[in-house]
Amino acid sequence: MKILISAYLDNNIGDDLMIKLLATRFPECSFYIDTNNSAVINTFSQNGNIFCHKFNKSKRYLRQFQVHLSIGGSLFNNINSLMGIVHRILRIILLYRLKKNNIKLATIGCNLGPYKNRIGPLLTKIELQLNNLITVRDLDSYNLIENFKSIKNFYLASDIVFNYSDKKDAVENNKPTCLGISTYRSIQNKETNYSSYVFLSAIADGFIEKTGSEVYLFAFDSENENDLSSAHHIKYISKYPEKISIIPYLGNHESIIKSMKQCDRFVSVRFHSAILCQILNIPFLPIVYSNKMQNYLNDEYYNGLLLQFKDMSIDKNNVAEIVNSIIENKNIFNDFSKSKSDAKVHFDEFNKLVSS
């Protein structure tokens, strides 16, 4: 079966892992993603059933596909600008055309919003109504779909990446001692970036001074969003750059996870750094830069220390207290007792769709 994929393709470990896990779960299917980005093509080169190609809107081209699958988290967060609205309307027109050609539509693993106006929820509703299957990863998104009322066949399950928990290398650990920090450079709120670099550098320095251990700066996105810029700023600002290593995601998720296993504490800015920490049982301090992180923490009933990305500055936070909380594993996310086996629902329901 040939399946056309719509996803966020930016050498982002979270989105890439979703696609890789999908391809592994359905080895009998061929997945086609629309990209000519050589870095992205290299990322999926080891997956024999993932094909990078140039999308074509002709009827002859479309007829080769049985399913169009949108997979990823923040698929509905870009409807707050004029260009975002135009892009969404064009996408809806395309999806309608696919449906007219008897191609099944599915959207899995997503969260909805945030929205700044009424147009966002309206266009989201129109798009989701076209889908044969929808799965979301947080309760807030599920409740929003319920309020749409006209949408059927939708499900709530933990993030798709939790399916990685079953892999052997996800549970091995070798006496970790480092502090991991997932770096982040905001494209939408650039005025907050430098203060966040100074703040995270202060956290790293405080940890180094109190423990003598090293700090790993993880760049989970290495293309347009470019977390590497953030990582280099943090290391440059630090008083102890010799104790800091930058770990970039360059398409190989195994190397990132291997480095994460060297960390016994984490500062999680990127959403999937929190998910991977939970998989690897690494206590972490969450920093919220998007509603997806806040909704995830709400679903986990987390009531510990929580920082907002927009407020990350040494003027607004007591760095010493935060460092102590991280070192002492106090008032940060450290409860790993909750089962995430429900994450298989995304793929199980998709399997029912492609098998029908």
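These numbers were taken from a predicted model, which means no experiment stands behind them.

Undergrad: Tell me about the overall build of the protein chain, and name the residues and values.
TA: From N to C terminus, the protein chain includes 13 helices and 13 strands. Taken over the C-alpha trace, the protein chain has a radius of gyration of 20 Å; the compact-globule value for 356 residues is 21 Å, and the two agree within 12%. Judged by the C-alpha coordinates and their principal axes, the protein chain covers about 65 × 40 × 35 Å. For the protein chain, buried positions account for 54% of its 356 residues. Expressed as a percentage of contacts within the protein chain between residues at least 6 apart in sequence, the contacts between residues at least 24 apart total 72%. Within the structure as shown, the protein chain displays about 16000 Å² of accessible surface, and the carbon and sulfur contribution to it stands at 50%. Positive and negative charge centroids in the protein chain, built from 41 and 34 side chains respectively, lie 9 Å apart.

Undergrad: Please provide a residue-by-residue account of helix H7 (residues 193-211), values included.
TA: Residues that lie three or four places apart on an α-helix share one face, since the helix turns once every 3.6 residues. Given a rise of 1.5 Å per residue, 19 residues ought to cover 27 Å, and the 27 Å separating the end C-alpha atoms of H7 matches this to within 8%. Inspection of H7 places Asn193, Ser196, Tyr197, Phe199, Leu200, Ser201, Ile203, Ala204, Asp205, Gly206, Phe207 and Ile208 among the buried residues, and these make up the whole buried set. Note on H7: the residue one or two positions beyond its end, Gly212, has a positive phi of about 75°.

Undergrad: I'd like to hear about the sheet that holds strand E9 (residues 215-219), residue by residue, with values.
TA: The six strands are arranged E10-E9-E8-E11-E12-E13 in an open sheet whose pairing can be described as parallel. A strand with exactly one partner marks an edge of an open sheet, and here the two such strands are strand E10 (244-248) and strand E13 (307-308). With three bridges joining them, strand E11 (residues 263-268) and strand E12 (residues 284-288) adopt parallel strand pairing. Each bridged residue has a counterpart across the sheet, and for Phe266 the counterpart in E12 is Phe284. On top of the sheet, helix H11 (residues 291-299) reaches E11, E12 and E13; it is set at about 135° to E12, its chief contact.

About the thresholds
- Residues numbered from 1 in each chain as written.
- Predicted model: local features only at pLDDT ≥ 70, side-chain atom pairs only at ≥ 80, totals over all residues.
- Heavy atoms only, no water.
- Helix = DSSP H or I, 4+ residues; strand = E, 2+ residues; numbered from the N terminus.
- Rg over C-alpha atoms; globule rule 2.2 N^0.38 Å.
- Buried < 20%, exposed > 50% of the residue type's maximum accessible area, 1.4 Å probe, protein only.
- Contact = heavy atoms within 4.5 Å.
- Areas by Shrake-Rupley, 256 points an atom, 1.4 Å probe, with all protein chains shown as cover.
- Lys, Arg positive; Asp, Glu negative; His and termini not counted.
- Charge placed at Lys NZ, Arg CZ, Asp CG, Glu CD.
- Expected span 1.5 Å × (residues − 1).
- Pairing = 2+ DSSP bridges.
- Axes fitted to C-alpha atoms, helices over the stretch in contact; angles between N-to-C directions.

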